[in-house]
Amino acid sequence: MAIAKDEYLPLFETKEAKGRVAYRLFAVSMLLAICMVVVYRVKHVPTGEGTQGRWVWIGIFVAELWFSLSWFIQQSLRWNPVYRYTFKDRLSHRYEKELPGVDIFICTADPQVEPPIMVINTVLSMMAYDYPPEKLSVYLSDDGGSELMFYAMLEAARFSKHWLPFCKQFKVEPPSPAAYFSGQSHPLHPDMAKHYSSIKTLYKEMENRIKIVTEVGRAPEEIRMEHKGFLEWDTVSSPRDHQTILEILIDGKDSNAVDMEGQPLPTLVYMAREKRPQYHHYFKAGAMNALIRVSSKISNSPIILNVDCDMYSNNLDSVRDALCFFMDEKKSHKIAFVQYPQSFNNITKNDLYGNYLRVNYEVEFFGMDGCGGTLYIGTGCFHRRDILCGRKYTEGYKRDWKIENDRIAGESLIAFVERVKGLADCTYDENTQWGKEMGIMYGCPVEDVITGLRIHCRGWKSVYFNPAKASFVGVAPMTLDQGLVQHKRWSEGHLQLFLSRNCPFWQGHGMINIGHQLAYVYHDLWATYGPPAVYYMVIPPLFLLKGIPLFPKISSPWLLPFAYLIIANSTYSLAEYLCCGGSLQSWWNDKRIWIYRRATSYLFGTVETMLKVSGFTKSAFVITAKVVDEDVMKRYEQEIMEFGTNSPMLSVLTTIALLNLFCMFGAITRFFLHPCTDDFETWSLQILLCTLVVAINLPIYQGLFFRKDNGRIPSSILSKSIVLVVIAFMLPIY
Ligand SMILES: O=c1ccn([C@@H]2O[C@H](COP(=O)(O)OP(=O)(O)O[C@H]3O[C@H](CO)[C@@H](O)[C@H](O)[C@H]3O)[C@@H](O)[C@H]2O)c(=O)[nH]1
Ligand SMILES: [Mn+2]
């Protein structure tokens, strides 16, 4: 059938999830059971003179109320999920000649934690998108202000002249050379075979040079002489104290900037913004804002893609997919950003540390999209420049895709760069709207989420797009401690956001719908799920040992709602996990890690946020390590939990594990010594709870008692935890 010439064919479509009615009925049944538990708690508060455990009972009631509240809020993420599909062929057909420019921002902060060779692999993969190179500009912000990074960028610029034509010709995926060459053996086309080995050699040589320079800590003299950019480092005294260094390594405007095949190259820019000890640099948010300003003079593309330095592009089509959401004639005018999930290339078979965040990315983000838009998570996100810079939604908004920038005809590159540099001054944004209304917001450890919320509150929507082929692939934390510290930063950031004037309830009131507000609040309250979880893992086992029941007897009808909640909730969670492609073992690991996050990251996150809010401490940003030593790596691959460090978080985990173990054995011994059926009736639920906690903590007992390697739990933690357990036993009961 011929399509009428002016018939509108959408560039993307949105589909609602199936089976929503069944889910909603299930949710209602859960709600009923929760209500019955509440009634039970209220009716059975221990009363009368000399009754023990009244306050503890009230405590457990409060914890349960909080769990219920979080469950209720969480429903916003499951009520109405939507899925998105794009039509890239229609995009090319209609707009191939007028595709907008795209600026890609990559942030790095420390050459030790984020090795330059990894960072330039990200850079090279971004340069290789299937997109007109003259419309692509890649910017690296180096908060480490490191000449090693600069050196690696020079190497990358040179290597790109070989790599990009190779990628184009053979549609190489993933376009990160490290990932590509380390992947499974590739079935090679005969034409490709001879190119393959020569380009691999070139890459390996470059990799080697960069590794040597990184180890030595200084670029070789002959290269320093070759490029005047290195002169800048003569005056750099530390990463926290230096002038702006801005170098356009490949200038897309220069007709000589071509690859080996004579095709144009994308623009490539290195920037280390000015930093002075007396001025706050606002971490990644500060870096991003400097990039927004500097790029506005160099390329000024209307679309900005932002990625972390460890997230290489894995899918050549991501830019075009994103543009389908921005360029549709009828449906795009409200869409401010397109968020992709984070994927990881180092997740082991059973995902011991639950890094995948499977339920978040495969279920909840679709649900949040259905409410009005997912969170902006700081990486793998396409923005419209004008909206990121503070534009409010107005009826009839339409973006003109033409690019205007600031190059004066005839001006030399050096003069131009000098003129632009000032935009990366550390004082530039003082007393301006930058960090408040413009760009990425300052002052919050989750600068990304708070910025996304501001955008939604200005009337815009966003889109979550999760194509079958992962788009951005990064490095997940490889030790228990790193993962917990990362979650602590996130949970703290979210809680700060909730307690600030940017709280989704205040700021979002009248601006975004209630479902969307709840979806934000669910994440914002993450930290607060910590204390009740710890209470639940400490008090019931302790009272089991002391002989004070906290749950209904097995013969009592009140047991039913408890049993229903436990069984239905676990079955649902398992089914959901398996439906997203997980396995039984990884589900169990995921459950464990969420319990650990609650017991540590969230507990500490709550406490530190309280200190911060009351002005005792200041914000910091602990960068997640991207490399570990060989020994640790080996254990990571074998899925043996890495404890190692002597941290307060680990002490908490060990104490909880030991406490439950003692209480479980204590209770069992008691039943053997005084066997009577009544006992089991009274204690069944408390024993079950205790046994579950013990089962989930098996890796801790192994780490404490059975392992000899360096990743085991240090013995000082064991003694500390035993002391804490003994103190817990001695505490009086109220
Ligand atoms: O002063 C800083 C600190 C960090 N970064 C960069 O920020 C990115 C994220 O840091 P990372 O330590 O990898 O944190 P993650 O927890 O992995 O990051 C997630 O969470 C952060 C917010 O907490 C977001 O900024 C990130 O985009 C998101 O991927 C990295 O590229 C860093 O190089 C800077 O540029 N400057
Ligand atoms: Mn990261």
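Rules behind the numbers
Numbering of residues starts from 1 in every chain and runs along the sequence as written. A letter from A marks each chain and a number from 1 marks each ligand, given out in the order of writing. Selection of residues for local features in this predicted model requires a pLDDT of at least 70, selection of side-chain atom pairs for listing and counting requires 80 or more, and totals for whole chains, interfaces and linings are taken over all residues. In computing side-chain properties, one takes all heavy atoms of the structure into account and sets aside hydrogens as well as water. We count a stretch as a helix when DSSP gives it H or I for four or more residues in a row; a strand needs E for two or more, and each element gets its number in order from the N terminus. We compute the radius of gyration from the C-alpha atoms alone; for a globule the expected value is 2.2 Å times N to the 0.38, where N is the number of residues. Summary of the burial criterion: residues with accessible area below 20% of their type's maximum are buried, those above 50% are exposed, and those between are partly exposed, where the area comes from a 1.4 Å probe applied to protein chains only. Working convention for charge: Lys and Arg count positive, Asp and Glu count negative, and His plus the chain ends are omitted. Just so you know, the charge point we use is NZ for Lys, CZ for Arg, CG for Asp and CD for Glu. UniProt positions are given in the numbering used here, feature names are shortened, and annotations may be inferred rather than shown by experiment. Working rule for contacts: check all heavy atoms of both residues, and any pair within 4.5 Å makes them a contact. N or O atoms closer than or at 3.5 Å make up a polar contact, with two conditions inside protein: a donor-capable atom paired with an acceptor-capable one, and, for residues adjacent in sequence, both atoms drawn from side chains. Salt bridges are counted wherever a side-chain nitrogen of Lys or Arg sits within 4 Å of a carboxyl oxygen of Asp or Glu. Here, a strand pair is defined by DSSP locating no fewer than two bridges between the strands. Ring pairs are drawn from Phe, Tyr and Trp, using the six-membered ring of Trp, whenever the two centres fall within 6.5 Å, and their geometry is named by plane angle: stacked under 30 degrees, edge-to-face over 60, tilted for the rest. Think of it as a cone above the ring: NZ of Lys or CZ of Arg counts as a charge over the ring if it is within 6 Å of the ring centre and within 35 degrees of the ring normal. Axis definition: a line fitted to C-alpha atoms, over the contacting stretch in the case of helices. Angles run 0 to 180 degrees between N-to-C directions.

**Student:** Pulling in residues and values, what's your account of the overall build of the protein?
**Tutor:** Broken down by element type, the protein carries 25 helices and 13 strands. Its C-alpha atoms give the protein a radius of gyration of 28 Å, near enough to 27 Å, the size a compact globule of 734 residues would have. Dimensions along the principal axes, computed over C-alpha positions, put the protein at roughly 95 × 65 × 60 Å. Burial analysis of the protein (734 residues in total) assigns 57% to the buried set. Averaging the locations of the 75 positively and 74 negatively charged side chains of the protein gives two centres separated by 5 Å.

**Student:** Lay out the UniProt feature "binding site: UDP-alpha-D-glucose" (unreviewed entry) in the protein with the relevant residues and their values.
**Tutor:** Those places that UniProt annotates as "binding site: UDP-alpha-D-glucose" (unreviewed entry) correspond, in this numbering, to Glu114 and Asp143. Across 30 residues of sequence, these annotated residues stay compact in space, with a maximum C-alpha separation of 11.1 Å. Its place among the elements puts Glu114 in the loop between strand E3 (102–108) and helix H4 (116–127). Here Glu114 falls in the buried class, since its relative accessible area comes to 5%. Residues in contact with Glu114, not counting those within four places in the same chain, are Thr108, Ala109, Val119, Cys309, Ile623 and Lys626. At a separation of 2.9 Å, a polar atom in the side chain of Glu114 contacts the side chain of Thr108. Relative to the helices and strands, Asp143 is located in the loop between strand E4 (136–142) and helix H5 (147–170).

**Student:** Talk me through the pattern of salt bridges; I want residue IDs and the actual numbers.
**Tutor:** Going through the model one piece at a time under the given rule, you end up with 39 salt bridges. A salt bridge links Glu207 to Lys204, with the nearest nitrogen and oxygen atoms 3.5 Å apart. In this pair, Glu207 and Lys204 both sit in helix H7 (residues 190–216), three residues apart, roughly one turn of the helix. Accessibility expressed as a relative area gives 15% for Glu207, which makes it buried. A salt bridge links Glu492 to Lys612; the shortest N-O distance between them is 2.5 Å. In this pair, Glu492 sits in helix H15 (residues 480–499) while Lys612 sits in helix H20 (residues 584–613), placing the two residues 120 residues apart along the sequence. For Glu492, a relative accessible area of 5% puts it in the buried group. Residue classification places Lys612 among the buried residues on the basis of a relative accessible area of 15%. Shared partners join several salt bridges into a network, and the residues in it are Asp631, Arg635, Glu642, Arg707 and Asp709.

**Student:** Just give me the short version of the sheet that holds strand E10 (residues 343–344), but keep the residues and values in it.
**Tutor:** Strand order across the open sheet formed by three strands is E8-E13-E10, with mixed pairing between neighbours. Two strands in the sheet have a free side with no partner beyond their single neighbour: strand E8 (312–313) and E10.

**Student:** Explain the packing of aromatic side chains to me, and be specific about the residues and the numbers.
**Tutor:** Per the stated rule, a full pass over the model turns up 46 aromatic pairs. Summarising the aromatic geometry, the rings of Phe26 and Tyr572 are spaced 5.1 Å apart at their centres and angled 25° between planes, so their arrangement reads as stacked. Here Phe26 is found in helix H1 (residues 20–43), whereas its partner Tyr572 is found in helix H19 (residues 559–579), with 546 residues between them in sequence. Classification of Tyr572 as partly exposed rests on a relative accessible area of 24%. A connected cluster of aromatic rings, assembled from ring pairs, spans Phe159, Trp163, Phe166, Phe170, Tyr180, Phe181, Tyr196 and Tyr203. The lysine or arginine in question, Lys334, covers the ring of Tyr393, its NZ or CZ lying 4.8 Å from the ring centre.

**Student:** Give a detailed account of the sheet that holds E3, specifying residues and quantitative values.
**Tutor:** Read across the open sheet, the eight strands follow the order E5-E6-E4-E3-E7-E11-E9-E12; overall the sheet is mixed. Strand pairing shows two members of the sheet lacking a second neighbour, strand E5 (245–250) and strand E12 (461–464), which therefore form its edges. On average, each strand axis in the sheet is tilted by 20° relative to the strand beside it, whichever way the strands run. Both strand E7 (residues 303–308) and strand E11 (residues 381–384) contribute to a ladder of four bridges, which runs antiparallel.

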